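# Fold and contact review
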Amino acid sequence: MITVSPFMPIALSQDSVYRYKASITTGPWPNSGTSAKVSMMLYGTETSSDVIELSCDHNESRNAFSRGSTDNFLFALDQPIGSLVKIRVGHDNSGEDPSWFLNEISITDIQANSKWKFPCYRWLALELEDGITTLDLYASNVNKSSDFKTKFSIARTCGLANDHMWLSIATKEPRDVFTRVQRLTCCWFLFLWGMIVSAMFYFEDVDETRSIHVGPFKMTTREFLVSVTTALIAFPPSFFVVFLFRKSRRSRVTNDEDGYYDDDGRKRFQLPHFCVYIAWFVCVVGSLLASFFSILYSLQWRGEKSVRWLSSVFFSMTGDVFVSQPVKIVVISVLLALRCTRKRNQENEPIEDTEIIQSDNSNKTLFDMSNDDIERQRKYRVTERKTNIFAKDMAFSCFFYLLLMIVCYGDKSDQRYHMAATTENAFTKFHKVRQQQ
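All values reported here derive from a predicted model rather than from experimental measurement.

This part takes up the nonpolar core. Membership of the largest hydrophobic core comes to 28 residues, with the highest contact counts inside it found for Met40, Leu42, Leu102, Ile107 and Leu137. The residues touching Leu137, leaving out its near neighbours within four places in the chain, are Val85, Lys86, Ile87, Val89, Leu102, Ile105, Phe118, Pro119 and Cys120.

As structure tokens, then:
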């Protein structure tokens, strides 16, 4: 067994030692990190490696495989394993929170300067999905990883974490060069721009059409149309600044880990670095102008018109968070999956799984765990998960009940109680009235 730590130095005394680098990315979702011990094995066209145990150095203050992190490991093998076909990765389900959402693993042959990516984008946990903690991941040039469903699932999961403008502020991957500050600035710019665009539709008198009441909230057909129009008009400038932030070249580029190269090693399209400053200028100046004119417009309105204007802004931003962004991610995921599948089918001589050299390590397991121990741990984790789900359902039910009470009684007038009390006091002996025959 080989035990390595992040950025562990390798002392080489012979030229026959082959160095490799492994970059493992953990998902950005809550509780995606793992407290368990992680191990893997490499399978190539020439040979396979022994079990490689991945762990943090004792001197490290941080934990490996934490949420949203990318851990880099350096290790050496006695002989080259050839072109990588698959890797076997898993954990021993130890610790307080062993469930692990693995995004992908990247293996680099330092001598040959070759790189292979192994996408995963799923949970390795006894109580989630299919309940496995050890999985075989295949490289992109293997037939088993070319189906549309897998590509779409990977693109959708990655898109929700990195491309959803509002959600990605908290869930973006660390290696994404589009920073959280830039994302938050774009969201703030979109919000203020939506306010000024919506205000332009409220110069005339207040719409007197009947409104739809939902508790304390009310909305007319005109406000709904204004919110949709506002979202369409505010989209181009926000898309422009996001495009500049994403595609602008950074001041210092060190290697392909910064996201400037695609999976095929080709350089991606990048704008000059000064485009970042253009994006900042548009966001800052546009936000200031939108805030200034929104204040001027709102000072000219009365309370009724201001409430309807804010309702349009609220529905416009809500639609962008829950409708526009998810639809954009689904469309992009479908296009990327179709493109990857078509490109994969056009490749010549793909490597088959049968080309893996069957060595002594082919059937070796990562961890020595009996089936009884696995089932016992599975029952415990499933019970713990059901308890957490029950607690969440109870909290959600109480919150839903509170919202239901607000919707049902939020627009009730206080005068109804006084009217009912007055009527009851005026007819104190009404129960003595009998129906005459």
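To continue, consider the sheet that holds strand E7 (residues 100-109). Backbone-to-backbone hydrogen bonds join strands into a sheet, with any given pair of strands oriented parallel or antiparallel. Here four strands make up an open sheet; going across it, the order is E5-E2-E7-E8 and the pairing antiparallel. The sheet terminates laterally at strand E5 (70-77) and strand E8 (114-124), the two strands that pair on one side only. Across the sheet, the mean angle separating the axes of adjacent strands is 20 degrees when strand polarity is ignored. Both strand E2 (residues 18-26) and E5 contribute to a ladder of eight bridges, which runs antiparallel. Bridging across to E5, Arg19 finds its partner in Ala76.

It is the contact of helix H3 (residues 180-199) with helix H4 (residues 221-247), at a shortest axis distance of 9 Å, that shows an interaxial angle of 150 degrees. Classified by the angle their axes make, H3 and H4 are roughly antiparallel. Crossing of H3 against H4: the hand is right-handed. Two secondary-structure elements touch here, H3 through Gln182, Arg183, Cys186, Phe189, Leu190, Trp193, Gly194, Val197 and Ser198 and H4 through Val226, Thr230, Ile233, Ala234, Pro237, Ser238, Val241, Val242, Phe245 and Arg246. Counted by class, the contact of H3 with H4 contains twelve nonpolar, five polar and two charged residues.

The sites that carry the UniProt feature "transmembrane region" (unreviewed entry) are, in the present numbering, residues 184-204, 224-245, 274-297, 309-338 and 389-407. Between the C-alpha atoms that bound residues 224-245 the distance is 31 Å, and the span itself is 100% helix and 0% strand. Helix makes up 96% of residues 274-297 and strand 0%, whereas the separation of the span's terminal C-alpha atoms amounts to 35 Å.

Enumeration over the complete set of coordinates arrives at 14 aromatic pairs. Considering the side-chain rings of Phe189 and Trp193, the 6.1 Å spacing of their centres and the 25 degrees angle between planes classify their relative orientation as stacked. Highlighted residues: Phe189 and Trp193, both in helix H3, separated by four residues, approximately one helical turn. Note on Phe189: relative accessible area 3%, which makes it buried.

Helix length check: helix H1 (residues 148-162), at 15 residues, gives a terminal C-alpha distance of 21 Å against a target of 21 Å (1.5 Å per residue), a fit within 8%. Those residues of H1 that fall on the buried side of the exposure criterion are Lys151, Phe152, Ile154, Ala155, Thr157, Gly159, Ala161 and Asn162.

Moving on to the pattern of salt bridges. With the rule as written, the count across this model stands at ten salt bridges. Between Asp163 and Arg246 there is a salt bridge; the shortest N-O distance is 3.2 Å. Remark: Arg246 occurs in helix H4 and Asp163 occurs in the loop between H1 and helix H2 (168-171); sequence separation between them is 83 residues. Relative accessible area serves as the criterion here: at 25%, Asp163 is assigned to the partly exposed category. Overall, Arg246 belongs to the partly exposed group, its relative accessible area being 24%. A single salt-bridge network, built from bridges that share partners, covers Asp163, Asp176, Arg183 and Arg246.

Relative to the assigned elements, Met317 resides in helix H6 (residues 303-346). Taking the C-alpha atoms as reference, Met317 lies 9.7 Å from Val228; in sequence the two are 89 residues apart. Contact partners of Met317, with chain neighbours within four places excluded, come to Trp166, Leu190 and Phe191.

Quick notes on the rules
Throughout, a residue's number is its position along its own chain's written sequence, starting from 1. Since the coordinates come from a predicted model, pLDDT governs what is reported: local features require at least 70, and pairs of side-chain atoms require 80 or more to be given and counted, while whole-chain, interface and lining totals use all residues. Only hydrogens and water are removed before side-chain values are computed, so all heavy atoms of the structure are retained for them. Residue types Ala, Val, Leu, Ile, Met, Phe, Trp, Tyr and Cys, when buried and joined through side-chain atoms within 4.5 Å, form a set referred to as a nonpolar core. Buried, partly exposed and exposed residues are distinguished by accessible area as a fraction of the type maximum, computed with a 1.4 Å probe on protein chains only: under 20%, between the cut-offs, and over 50%, respectively. Contact criterion: two residues are considered in contact whenever any of their non-hydrogen atoms come within 4.5 Å of each other. Any two strands with at least two DSSP bridges between them are considered paired. Helix numbers and strand numbers start at the N terminus; a helix is a DSSP run of H or I with at least 4 residues, a strand a run of E with at least 2. To obtain each axis, a line is fitted to C-alpha atoms, and for helices this fit is confined to the stretch in contact; angles are then taken between N-to-C directions over 0 to 180 degrees. Any angle that falls under 35 degrees is termed roughly parallel, while one over 145 is termed roughly antiparallel, one within 65 to 115 roughly perpendicular, and all others oblique. Helix crossings are classified by the rotation of the near helix relative to the far one: an anticlockwise turn of less than a right angle makes the crossing left-handed, while a clockwise turn makes it right-handed. Residue polarity follows a fixed list, in which Ala, Val, Leu, Ile, Met, Phe, Trp, Tyr, Cys and Pro are nonpolar, Asp, Glu, Lys and Arg are charged, and the others, Gly among them, are polar. UniProt positions are given in the numbering used here, feature names are shortened, and annotations may be inferred rather than shown by experiment. Two rings belonging to Phe, Tyr or Trp (six-membered ring only in the last case) form a pair when the distance between their centres is within 6.5 Å. Interplanar angles under 30 degrees mark stacking, angles over 60 mark edge-to-face geometry, and anything in between is tilted. In a helix, the anticipated span is given by 1.5 Å times the number of residues less one. We define a salt bridge as a side-chain nitrogen of Lys or Arg found within 4 Å of a carboxyl oxygen belonging to Asp or Glu.

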